[in-house]
Amino acid sequence: GFGEGRKGQGGGEESGESGGKNEKGEGEDVEEEQDDETESERKSRRMLEELQKTFVHLSNSEKRCFDPRSLVEASDCLRLEYDVWQQNDASEYQTKLLDSLEIALKKHAPKHCNYLTEKFQMGITKQKICKACGLKTNREEVVVNLEGPVRGRSDILELIEGYCSEELMDGDNQVTCEACDKKTDTILRTCISKLPQVLTVSLKRFDLDYTTFETVKLNSRMEFGTSLNMKKYTLEGFEMMDKYKEELKQKEGDGEVDGAEDEKQLDDSGDAEVLADTSAVVDPLEGLSDAGNEYKLSGVLVHAGVAQGGHYYSFIKDRDSGMWFKFDDDDVTPFDLTNLENECFGGKMIKESKWPNGTVNNVETERYANALMLFYEKVEEDIGKGKKCADTKAEEKEEEEEKKEAEGSEIKKESEVLVENLVRMEGRKKDVEEAEMRVMNSVEGGYKRVEYEDDGGRVWEVKV
């Protein structure tokens, strides 16, 4: 996506040069367009240009590292909480960066603006469900990351479940129902209506200490896996669970299910149900496909330090090789994914210290380096992947046929040259047909060169 943007930027530069030569060139159009920019649009354009330059250097430069100071200076347009040269919240930076890029792309490259929407934006549905009449009211929102508190959570699944949890509003907290025209018991819940290509999960490790009223960093353990299935948190998954619960209530009312002994009970995660009188396991979401809901871990942003200051670095998976690397400023080294727990989960560890007298003392201490943001990439859907493979094979076959045809034409031309060379070597035109036959036989046989012996016993070798 940014590669296309880079080409667009280069085209702009070429247009500027041509504009200098012509009375009315494209360069003048670009200048007029830039003159129409507001201050906010100009800063957003510079932000986009600096980001493009950064990716171009990272992709094509032979230097060991890239100096990002101009990118940092351009980030001033994001209006972060603190100065750009101080530590800022990574989640805030991502959100404001994407907003700024959207402004610039809409102005200068509208065709590529959808890239950000499809890649990062996630659709959120806020639902109100009346317990009296069953009326559902949906309110749509768009976010670029799924953010949840670390406090009181042990793994990423608990964090997502807390984000997509249900809350019953009853008693003094009842909500007015438009259909009932009165306040009723209402369920409020959040579910995901659209999943992005890249799912960003932000761990809120910076929290307020209500004792000192200072911002502190929570280094508690937060586990996460390399794969993630999001179907139970989607709008479709919630509706399927609602339907399943209604069927259970109907069966219980009809007497098909004994509520005392044989009642099916949902487990804590809501993934499966277990019959009290059997060992059979039933998955209410079995009918919902995993395609489009499966994600694989592709990157981890780590913060080492405290709330008042620290250091950011990343672990990133290379798409081509599948290998993981640690990006720590100008130091890029291979990373073994088996060390993910020690490097990213946080929690406590036992640190061994030795006294001068030889005494060994084990001290429990917190891991100050832990994951702050997780990046998951969507696994290609089976159907889409199969279609893509089929289209790719057809294209490859067509390209191969065109290549063979081009090679045949090239071989024919080279064969004609080869015949002329052979005849010129021998100096006799009467053997043209014989030489041509030997050349064509050699070419059809797949040889890369042809040898020819003249009357003097000399062997000539010509490459095809």
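Quick note: structure is the one above.
On a predicted model such as this, the values are computed, not experimentally measured, just so you know. (Residues numbered from 1 in each chain as written. Predicted model: local features only at pLDDT ≥ 70, side-chain atom pairs only at ≥ 80, totals over all residues. Heavy atoms only, no water.)

Caption draft 1: Main features of the nonpolar core. By size, the foremost hydrophobic cluster in this structure holds 36 residues, and its most contacted members are Phe224, Met230 and Val300. For this core, the element with the highest residue contribution is strand β15 (residues 294–306), accounting for 4 residues. Setting aside residues up to four positions removed in sequence, Val300 forms contacts with Phe224, Tyr313, Ser314, Phe315, Leu340, Cys344, Ala371, Met373 and Leu374. Residues Leu48, Leu51, Leu101 and Val198 belong to the second largest nonpolar core, which totals 19 residues. (Core = buried A, V, L, I, M, F, W, Y, C linked by side-chain atoms within 4.5 Å. Buried < 20%, exposed > 50% of the residue type's maximum accessible area, 1.4 Å probe, protein only. Helix = DSSP H or I, 4+ residues; strand = E, 2+ residues; numbered from the N terminus. Contact = heavy atoms within 4.5 Å.)

Caption draft 2: Structural detail: the pairing of strand β3 (residues 146–149). Here β3 shows a clear split, with Leu146 and Gly148 buried on one side and none of Glu147 and Pro149 buried on the other. The pairing of β3 with strand β8 (residues 198–204) spans 4 bridges and is classified as parallel. From the neighbouring strand, Glu147 faces β8, where its bridge partner is Ser202. (Pairing = 2+ DSSP bridges.)

Caption draft 3: How the structure looks around the packing of helix α3 (residues 39–60) against helix α5 (residues 90–108). Contact geometry of α3 with α5 gives a least axis separation of 8 Å together with a crossing angle of 105 degrees. Taken together, α3 and α5 sit at an angle that is classed as roughly perpendicular. Contacts between α3 and α5 involve Glu41, Ser44, Arg45, Met47, Leu48 and Leu51 from the first element and Tyr93, Leu97, Ser100, Leu101, Ile103, Ala104, Leu105, Lys107 and His108 from the second. (Axes fitted to C-alpha atoms, helices over the stretch in contact; angles between N-to-C directions. Parallel < 35°, antiparallel > 145°, perpendicular 65-115°, else oblique.)

Caption draft 4: Just a nonpolar patch on the surface, in detail. Nonpolar side chains collect at one region of the surface, where Leu208, Tyr210 and Phe213 lie side by side and expose about 370 Å² of accessible area between them. The topology assignment puts Tyr210 in the loop between β9 (206–209) and β10 (214–217). With relative accessibility at 63%, the residue Tyr210 sits in the exposed group. (Patch = residues over 30% accessible without salt bridge, like charges linked within 9 Å, V, L, I, M, F, W, Y side chains within 5 Å. Areas by Shrake-Rupley, 256 points an atom, 1.4 Å probe, with all protein chains shown as cover. Salt bridge = Lys/Arg side-chain N within 4 Å of Asp/Glu carboxyl O.)

Caption draft 5: Seen up close, unusual backbone geometry. One non-glycine residue, Asp181, lies in positive phi territory at about 60 degrees. As for its position among the elements, Asp181 is in the loop between β5 (175–177) and β6 (182–184). A residue is classified by how much of its surface remains accessible, and Asp181, at 67% relative accessible area, is exposed. Even without glycine at this site, Asp329 takes up a positive phi of about 55 degrees. If you trace the backbone, Asp329 turns up in the loop between β17 (324–328) and β18 (331–335). Overall, the relative accessible area of 62% leaves Asp329 in the exposed class.

Caption draft 6: Layout of the packing of aromatic side chains. Going through the model one piece at a time under the given rule, you end up with 3 aromatic pairs. Where Phe224 meets Phe345, the ring centres are 5.0 Å apart and the plane angle is 65 degrees; that geometry is what we call edge-to-face. One end of the pair, Phe224, is in the loop between β10 and β11 (227–229); the other, Phe345, is in the loop between α9 (340–344) and β19 (348–354), with 121 residues separating them in the sequence. Just as Phe224 is buried, Phe345 falls in that class too. Here the aromatic residues Tyr313, Phe315 and Phe335 are joined through ring pairs into a cluster of three or more. The aromatic ring of Tyr313 is capped on one face by Lys326, whose charged end is 4.8 Å from the ring centroid. (Phe/Tyr/Trp six-rings, centres within 6.5 Å; stacked < 30°, edge-to-face > 60°. Lys NZ or Arg CZ within 6 Å of the ring centre and 35° of its normal.)

Caption draft 7: Broad picture of the pairing of strand β2 (residues 136–143). For strand β1 (residues 122–130) and β2, the ladder comprises 8 bridges, and the chain directions are antiparallel. Residue pairing across strands places Lys128 opposite Thr137, the latter belonging to β2. Where β1 folds back on β2, the antiparallel hairpin that results is connected by 5 residues, among which Gly134 adopts a positive phi of roughly 85 degrees.

Caption draft 8: Inspection of the sheet that holds strand β4 (residues 166–169) at higher detail. Pairing in this open sheet of 4 strands is antiparallel, and the strands run β2-β1-β7-β4 from one edge to the other. Edge strands, defined here as strands with exactly one partner in the open sheet, are β2 and β4. Strand-to-strand twist in this sheet, taken as the mean axis angle between neighbours without regard to direction, amounts to 25 degrees. Pairing between β1 and strand β7 (residues 186–194): 8 bridges, direction antiparallel. In the sheet register, Lys128 faces β7, and the bridge partner there is Leu188.

That is the geometry; function is a separate question.
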